[in-house]
Amino acid sequence: MEETKNINNTEIIVEMKNVKKSFQNNHVLKDINFKLSKGENLVVLGKSGTGKSVLIKCIVKLIEVDSGELSVFNEDILQLKDKALNETRSKIGFLFQSGALYDSMTVRENLEFPIKRQSKILPEDEIENLVKEVLANVGLEDTIDKMPSELSGGMRKRISLARTLILKPELILYDEPTTGLDPITSKEISELILEVQKKYKTSSIIITHDIKCAKITANRIMVINDGCFIAEGTYDELKESEDEIVNSFFK
Amino acid sequence: MEKNSKRHEKRKNISVKPNENIFIKSLKDIFIEVALLTKFAGQFFKELFKPPSEFKEFLRQSYITGFRSLALVGITGFIMGLVLTIQSRPTMAEFGAESWIPGMVAVSIIREIGPVITALICAGKVGSGIGAELGSMKVTEQIDAMEVSGTNPFKYLVVTRVMATTLMIPVLVVFSDVISLYGSYVGVNLTGKVSFPLFFAKVFESLDFIDVIPAFIKCFFFGFIIGLIGCYKGYNASKGTEGVGQAANTAVVVASLLVFVIDMIAVQITSLFM
């Protein structure tokens, strides 16, 4: 709680106001309002199909919102285009639910891919060092020349996180980081998220329905249901909640 | 009885109305698809000259499209020339025109059969490959991952592939034509004896500028449409693995159909100059 208070005092890096998004008659986000402070790990907890993934895809403008305000790093992301949008995106890392590793490339090529496409061109040896550094940070140095198809689910998630980290993002968006993994690997990934927050001083939004992951990683939890946030607080605060939906996650 | 007749009438009305709607809906869907494809093609030309060039990826795609199709195109080309020669021999022999076989086969292959058959083979091999690859990248969020990492996925995935097919299909057609003519030479020599220089002297004697150049030019359009349709179907795939299969399948069907449409237009245009 104290930690949350401290984080709340720092600068805001993501802010959503009255954001709405519908797909034809399916109103996915009805009225979303929240702020993310610098250095904070915010967990968005909710059932499947409640609009969690749509929410973070709106932050990187993979999905355009219908209405509302959305600022990222104090910039109105809805107005950004091409180069300016790419510059803002380069400060954001996105860990996809499936890992989204490029199947036709080795782990090395997957990691080199984003960095070789940045405006700042780095020498080959520096890129090599960066690749080795991020692989060491996720504990998978020996997979450098493997193809994604040779990796397990947990390893794919780790490599995907390494690919995100290579650009040294200030904000990381995690889309269901522990889905489909066994409890031991899920715990390892959750601890890795926490490690990344400390080591890289990142802020994160973690989308999950895994309460154990939320317990390990969250500074603050927001519960989403039917396109709206219905509860907010720390893990301990929400655990005591009398709301039926919130309570169902802690059972 | 009257009740039954009324019911039948009612059913008839119900069955007619949805049929009309389905027809209109299908027509509407076709127009929407054409509009979206045109927009996609427009984006290709817009992105074509924008940096970065993605030359390395273009070379990789050219290798996949061109070099890896050589064997398939070569074998089918050889069989094409051989079969065409064997099949036309009896008819030509009836008229005592066996010496015309090399010329006839050359004109048929270079003008029409070579480009169209090669394009159809490539629509099946390359078009479906592109559709399936991009489709699977789309449904597994790899294209989204590219976009959020600051890469222009359209330039990297679509422009390079369409450029590769546009430039490699004509090369494959030339290769297929040469092998076909060699197949024809083998076919001629199965029953008779014609020397290699004489066979090719007859071939070149019967070919004109108007036979070669328009046929070569239309190959670029075949290549463009195969790449474009494959990319369009794959890039817009949805509905998980089912969508990937659908993208690969429709890429082949639509590209093959459009190869014939382009061929028909090319023949009409060529005939204006003959």
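Residues numbered from 1 in each chain as written. Chains lettered and ligands numbered in written order. Predicted model: local features only at pLDDT ≥ 70, side-chain atom pairs only at ≥ 80, totals over all residues. Heavy atoms only, no water.

### Things to note about the pairing of strand β2 (residues 26–37) of chain A
Residue and element names in this part refer to chain A.
So, step 1. One ladder, built from eight bridges, connects strand β1 (residues 12–23) with β2; its direction is antiparallel. Each residue of the ladder has a partner; that of I12, found in β2, is S37.
So, step 2. Counted along the chain from β1 to the antiparallel partner β2, the turn is two residues long, and its residue Q24 has a positive phi close to 55 degrees. (Pairing = 2+ DSSP bridges. Helix = DSSP H or I, 4+ residues; strand = E, 2+ residues; numbered from the N terminus.)

### A look at the sheet that holds strand β9 (residues 220–225) of chain A
Residues and elements named next belong to chain A.
So, step 1. Pairing within the open sheet is mixed, and its six strands lie in the order β6-β7-β8-β3-β9-β10. Each edge of the open sheet is held by one strand with a lone partner, namely β6 (92–95) and β10 (228–233). Neighbour-to-neighbour, the strand axes of the sheet open up by a mean angle of 15 degrees, direction not taken into account.
So, step 2. As judged from the five bridges shared by strand β3 (residues 41–46) and strand β8 (residues 203–208), these two strands associate in the parallel manner. From the neighbouring strand, V43 faces β8, where its bridge partner is I206. (Axes fitted to C-alpha atoms, helices over the stretch in contact; angles between N-to-C directions.)

### Here's the deal with the environment of A:E176
All names here are of chain A.
So, step 1. Relative to the helices and strands, E176 resides in the loop between β7 (171–175) and α7 (183–200).
So, step 2. C-alpha of E176 to C-alpha of S53: the two residues are 123 residues apart in sequence and 8.3 Å apart in space.
So, step 3. In this structure, E176 is in contact with K52, Q97, K157, I207, T208 and H209, ignoring residues within four places of it in sequence. (Contact = heavy atoms within 4.5 Å.)

### Overview of helix α6 (residues 153–165) of chain A
So, step 1. A rise of 1.5 Å per residue sets the reference length of α6(A), with its 13 residues, at 18 Å; its end C-alpha atoms lie 18 Å apart and thus fit the reference within 8%.
So, step 2. Counting buried positions over the 13 residues of α6(A) gives 10, a clear majority of the element. (Expected span 1.5 Å × (residues − 1). Buried < 20%, exposed > 50% of the residue type's maximum accessible area, 1.4 Å probe, protein only.)

### Notes on the sheet that holds β1(A)
All names here are of chain A.
So, step 1. An order of β2-β1-β4-β5 is seen for the four strands of this open sheet, with the pairing classed as antiparallel. For this open sheet the edge positions go to β2 and β5 (75–76), each flanked by a neighbour on one side alone.
So, step 2. Relative to β5, strand β4 (residues 67–72) runs antiparallel, the two being bridged by two bridges. Looking at β5, one finds that S71 is bridged to D76.

### Digging into the interface of chain B and chain A
So, step 1. Contacts between chain B and chain A engage 15 residues on the former and 22 residues on the latter.
So, step 2. Interface of chain B and chain A: buried area, both sides summed, is about 1600 Å²; carbon and sulfur atoms make up 50% of it.
So, step 3. When residues of chain B are sorted by the area they lose upon contact with chain A, B:E141, B:Q142 and B:V148 head the list and together hold 36% of the total.
So, step 4. In this assembly, chain B and chain A are joined by two salt bridges.
So, step 5. Sorting elements by how many residues they give to the side of chain B that touches chain A places helix α5 (residues 142–148) of chain B first, with six residues. (Buried area = accessible area lost by both parts, 1.4 Å probe. Salt bridge = Lys/Arg side-chain N within 4 Å of Asp/Glu carboxyl O.)

### Considering a negative patch on the surface
So, step 1. Residues A:E69, A:E75, A:D76 and A:E87 make up a contiguous surface patch of negative charge.
So, step 2. Looking at A:D76, the relative accessible area reads 36%, which means it is partly exposed. (Patch = residues over 30% accessible without salt bridge, like charges linked within 9 Å, V, L, I, M, F, W, Y side chains within 5 Å. Areas by Shrake-Rupley, 256 points an atom, 1.4 Å probe, with all protein chains shown as cover. Lys, Arg positive; Asp, Glu negative; His and termini not counted. Charge placed at Lys NZ, Arg CZ, Asp CG, Glu CD.)

### Considerations on the packing of aromatic side chains
Residues and elements named next belong to chain B.
So, step 1. For the structure shown, the criterion picks out 23 aromatic pairs over all chains.
So, step 2. An angle of 40 degrees between the planes, with centres 6.2 Å apart, marks the rings of F78 and Y182 as tilted. With F78 in helix α3 (residues 70–94) and Y182 in helix α6 (residues 153–191), the pair connects residues that are 104 residues apart, well separated along the chain.
So, step 3. What makes F78 partly exposed here is its relative accessible area of 27%.
So, step 4. Judged by its relative accessible area of 39%, Y182 falls in the partly exposed class.
So, step 5. Of the aromatic side chains, those joined through ring pairs into one cluster are F78, Y182, Y185, F196, F199, F200 and F204. (Phe/Tyr/Trp six-rings, centres within 6.5 Å; stacked < 30°, edge-to-face > 60°.)

### A few points about the nonpolar core
Across soluble globular proteins, nonpolar side chains show a tendency to be buried alongside one another.
So, step 1. By size, the foremost hydrophobic cluster in this structure holds 79 residues, and its most contacted members are A:F34, A:I59 and A:L171.
So, step 2. Sort the elements by how many residues they give to this core and helix α8 (residues 209–235) of chain B lands first, with 10 residues.
So, step 3. Those residues in contact with A:L171 that lie beyond four places of it in its chain are A:I13, A:V14, A:L36, A:I59, A:V72, A:F73, A:K91, A:I92, A:G93, A:S203 and A:S204.
So, step 4. Core analysis: the second largest hydrophobic core is formed by 43 residues, A:L181, A:V196, A:A231 and A:L238 among them. (Core = buried A, V, L, I, M, F, W, Y, C linked by side-chain atoms within 4.5 Å.)

### As for the environment of B:T191
All names here are of chain B.
So, step 1. Tracing the backbone shows T191 in helix α6.
So, step 2. Judged by relative accessible area, which is 60%, T191 ranks as exposed.
So, step 3. Between the C-alpha atom of T191 and that of E47, which follows or precedes it by 144 residues, the distance is 55 Å.
So, step 4. At a separation of 2.8 Å, a polar atom in the side chain of T191 contacts the side chain of R89. (Polar contact = N/O pair within 3.5 Å; in protein donor to acceptor, adjacent residues only side chain to side chain.)

### Examining unusual backbone geometry
So, step 1. A cis amide bond, omega -5 degrees, links B:P51 with the succeeding residue B:P52.
So, step 2. Along the chain, B:P52 turns up in the loop between α1 (2–48) and α2 (55–65).
So, step 3. Backbone geometry places A:F73, a non-glycine residue, at a positive phi of 50 degrees.
So, step 4. Among the secondary structure elements, A:F73 is positioned in the loop between β4 and β5.
So, step 5. Backbone geometry at B:E141 places phi at a positive 65 degrees, although glycine is not the residue there.
So, step 6. Checked against the element boundaries, B:E141 lands in the loop between α4 (101–139) and α5.

### Brief notes about the pattern of salt bridges
All names here are of chain B.
So, step 1. Tallied over the entire structure, the rule returns 27 salt bridges over all chains.
So, step 2. A salt bridge links E57 to R60; its shortest N-O distance comes to 3.1 Å. Here E57 pairs with R60, and both are found in helix α2, just three residues apart, close to one helical turn.
So, step 3. Assessed through its relative accessible area of 5%, E57 is described here as buried.
So, step 4. The class for R60 is partly exposed, based on a relative accessible area of 35%.
So, step 5. Residue R161 pairs with E133 through a salt bridge whose shortest N-O separation is 3.1 Å.

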